[in-house]
Amino acid sequence: MHYKFRLLGLITIDSIIVAFSIYMSHFFLNPYAAEFDNVILVSSILLLVSHHIFSYFLGLYRRAWRYASIEELFGIIVVVSSSILLVAAVQAVTWGNVYERALIVTWMMHVLLIGGVRFAWRYFNLYQISLKPLFRHEARLNLKRTLIIGAGSAGRMLARQLKENPKSGLHPVAFLDDEPTLQKLKVGGLTVEGFTEQMEEIVKGRDIEHIIIAMPSVNRKRTGEIVTLAKKVCKDVQILPMIEDLVLGNISVNQVRDVSIEDLLGREPVKLDTTGIASKIQGHTVLVTGAGGSIGSELCRQLCQFNPARIILLGHGENSIYSIDIELKGRYKHIEFITEIADVQDRNRIFGVMEKYKPSFVFHAAAHKHVPLMEHNPAEAVKNNIFGTKNVAEAADTTGVDTFVLVSSDKAVNPTNVMGATKRFAEMVIQDLSKRSETRFVAVRFGNVLGSRGSVVPLFQQQIKKGGPVTVTHPEMTRYFMTIPEASRLVIQAGSLAKGGEIFVLDMGDPVKIVDLAKNLIRLSGFSEEEIKIEYTGIRPGEKMYEELLNENEVFPKQVFPKIFIGKATNQQINICQDFMAHFEYMTDEEIRTRLLDIANNRVELDKSVESTTEKKVLALVKH
């Protein structure tokens, strides 16, 4: 019904415009002629009918004029020109003469008036023209004065969306852009006031209350610099997603999000071989240990994009497994999700699960990762990170798993703490097993992940929420950081590249000072360093000042994939590792810690580790 009324209205308006255009062209060319001759009358009727016919079949009446643009103007020109040419052809055939001047003036009047009405409708909607401007002004007093960084296509679309959507609570007042040719020019009705380096001056001069960064195609490093600058001069800062996250031409106000700590890292995302991964994962059964944890749960989310037949969610914590199970079942109806509550230290249970489902791929993310806690509980670190890995890996070998991927850590390089040493030990276990197994065993090392359980970011956020202080161990403490989704994608990519025995490492860019991370989080939370203080607490037991990713002796300089390196660590003699596993239950915590670090750093000779064969056999029987 609405469409019929709209169509009738447009036909009526166009009929008036056509009749008026014909009359005005006749008046301009023959101001003293009181009557129309037969040629003018027939031509007028033909022009009126043909205009409506062309408008209908060429879609002029089906366009949404509130979004009118150059494309709509071109459509008007096509319709009017078609009508005029048809009338000219009829005049030439019927009367042997074409009234060129009258038709040209009529054509100009048609385009001007029909286009004017359509574009007037657009601006009526765009600027909410009202007979009560005072009330409109009062309403705008509640809108935040917004500065848009970036006057490109994304910025222009965003500005238009904000103008058309006052419910957003934002009123765009100006652009900033680093393009010299745009300076002081108007773009989409807003002036480009200056360069991004002039942000502080513009924010103060224009009373800016809100900033939106609309530069989705700019690299991550530059985005991080702009975010840092914006948070220094304005409390409320938002950002459009990166260009790879946007549907082309579908940028809307709803896609604007708050800036996050990831925006400050300046890291370019690793692009994956999605086709190659999908060819191996699609239609297969995948098992993820630690599926309820930060990395494990994100691994499951990323794996779903490659359409496995089913995913086995294995974990020790029932609540976390329940949560990820409910989430995935709600999003991916075509994939079967199976939950298994199990401890990787329970060898019989793990073998039973593997035998029951016979997965093609195993991603082993279950581990104790908290460095200070593992320093105080070395035996638990060994049981979970070493024996747990050994159980899952040997079960994978026994049941014919195609690929086993161990989630390792940068702390496994020249480890100085129990957690790192157990991860290096776990790498040794699977590298040895890879030599005699048809299963491809690989490990993936990466640095700290933002937002994971036990990471510094949630701790800093809690401290800021309480009003501070934010505690940092040392002003020079540095770490490599990456996002949880990126880490998970790397693990999956490694699985698709695996040949057996490799340790994959991501080129993680430049390390980040923890104190700089704390300062950025304070600014992102809307506070200054004067309001939230930073305190230094001293380096904790087992911590390194600087993390390493690749040992000099295990680096292959050639990348196997963009930003992904491969290395083969110098393997300790497996007899020493087996000897440690056979005797560790009879060691004190300090003995476990010392011997573990010696083995992980390749500081143990074989003859020092060998004890009586009888004792070894007895201990092995007790263990298994």
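Below you will find a few notes about this structure. (Residues numbered from 1 in each chain as written. Predicted model: local features only at pLDDT ≥ 70, side-chain atom pairs only at ≥ 80, totals over all residues. Heavy atoms only, no water.)

## Points about helix H16 (residues 456–465)
Phase 1: Within the span of H16, buried status applies to Val457, Phe460, Gln463 and Ile464. Within H16, the buried residues cover an arc of 125° as seen down the axis, which keeps them to one side.
Phase 2: The positive-phi residue at the C-terminal boundary of H16 is Gly467, with phi of around 95°. (Buried < 20%, exposed > 50% of the residue type's maximum accessible area, 1.4 Å probe, protein only. Helix = DSSP H or I, 4+ residues; strand = E, 2+ residues; numbered from the N terminus. Arc of directions from axis to C-beta.)

## Some remarks on the environment of Leu7
Phase 1: Structurally, Leu7 is set in helix H1 (residues 2–29).
Phase 2: On the accessibility criterion, Leu7 (17% relative accessible area) is buried.
Phase 3: Considering only alpha carbons, one finds Leu7 and Tyr56, 49 residues apart in sequence, at a separation of 9.4 Å.

## Points about the pattern of salt bridges
Phase 1: For the structure shown, the criterion picks out 25 salt bridges.
Phase 2: Close ionic contact of Lys144 with Asp236 constitutes a salt bridge, the shortest N to O distance being 2.9 Å. One end of the pair, Lys144, is in strand E1 (residues 144–149); the other, Asp236, is in strand E6 (residues 236–239), with 92 residues separating them in the sequence.
Phase 3: A salt bridge links Arg424 to Glu427; the shortest N-O distance between them is 3.0 Å. Of this pair, Arg424 and Glu427 both sit in helix H15 (residues 418–435), 3 residues apart, which is roughly one turn of that helix.
Phase 4: A single network of salt bridges, built from pairs that share partners, joins Asp178, Glu197, Arg222 and Glu225. (Salt bridge = Lys/Arg side-chain N within 4 Å of Asp/Glu carboxyl O.)

## Details of the packing of aromatic side chains
Phase 1: Tallied over the full model, the rule gives 4 aromatic pairs.
Phase 2: Here Phe404 and Phe441 contribute two aromatic rings whose centre-to-centre distance is 5.2 Å and whose plane-to-plane angle is 45°, an arrangement assigned as tilted. Of this pair, Phe404 sits in strand E12 (residues 403–407) while Phe441 sits in strand E13 (residues 440–445), and the two are 37 residues apart along the sequence. Each member of the pair, Phe404 together with Phe441, is buried.
Phase 3: Measuring from ring centre to ring centre gives 5.4 Å for Phe425 and Phe580, while their planes differ by 45°; the resulting arrangement is tilted. With a gap of 155 residues between them, Phe425 in helix H15 and Phe580 in helix H19 (residues 574–583) connect regions that are remote in the sequence.
Phase 4: By relative accessible area, Phe425 is classed as buried at 0%.
Phase 5: By way of ring pairs, the aromatic residues Phe387, Phe425, Phe580 and Phe584 are connected into one cluster. (Phe/Tyr/Trp six-rings, centres within 6.5 Å; stacked < 30°, edge-to-face > 60°.)

## Focus on the pairing of strand E11 (residues 361–364)
Phase 1: Burial along E11 is two-sided: the face carrying Phe361 and Phe363 and the face carrying Val362 and His364 are both buried.
Phase 2: Alignment of strand E8 (residues 285–289) against E11, held across 4 bridges, turns out to be parallel. Across the sheet, residue Thr289 finds its bridge partner in E11, namely His364.
Phase 3: Summarising the sheet, E11 and E12 pair through 4 bridges and their orientation is parallel. Within E12, the residue paired with Val362 across the bridge is Phe404. (Pairing = 2+ DSSP bridges.)

## A short note on the nonpolar core
Taken as a class, soluble globular proteins show a tendency for nonpolar side chains to be buried jointly.
Phase 1: Among the nonpolar cores identified, the biggest contains 41 residues, and Val288, Leu299, Ile311, Phe363 and Phe446 are the most heavily contacted of them.
Phase 2: A per-element tally of this core places helix H17 (residues 484–497) first, with 6 residues.
Phase 3: Apart from the residues within four sequence positions on either side, Val288 is in contact with Gly296, Leu299, Cys300, Leu303, Ile311, Ile312, Leu313, Leu314 and Phe363.
Phase 4: Ranked by size, the runner-up nonpolar core spans 26 residues in total, among them Ile338, Ala342, Val401 and Val505. (Core = buried A, V, L, I, M, F, W, Y, C linked by side-chain atoms within 4.5 Å. Contact = heavy atoms within 4.5 Å.)

## Points about unusual backbone geometry
Phase 1: The step from Gly468 to Pro469 runs through a cis peptide bond, and the omega angle for that step is 0°.
Phase 2: Looking at where Pro469 falls in the secondary structure, it is placed in the loop between H16 and strand E15 (470–472).
Phase 3: Not every positive phi belongs to a glycine, and Asn307 is a case in point at roughly 55°.
Phase 4: Following the sequence through the fold, Asn307 ends up in the loop between helix H10 (294–304) and strand E9 (310–315).

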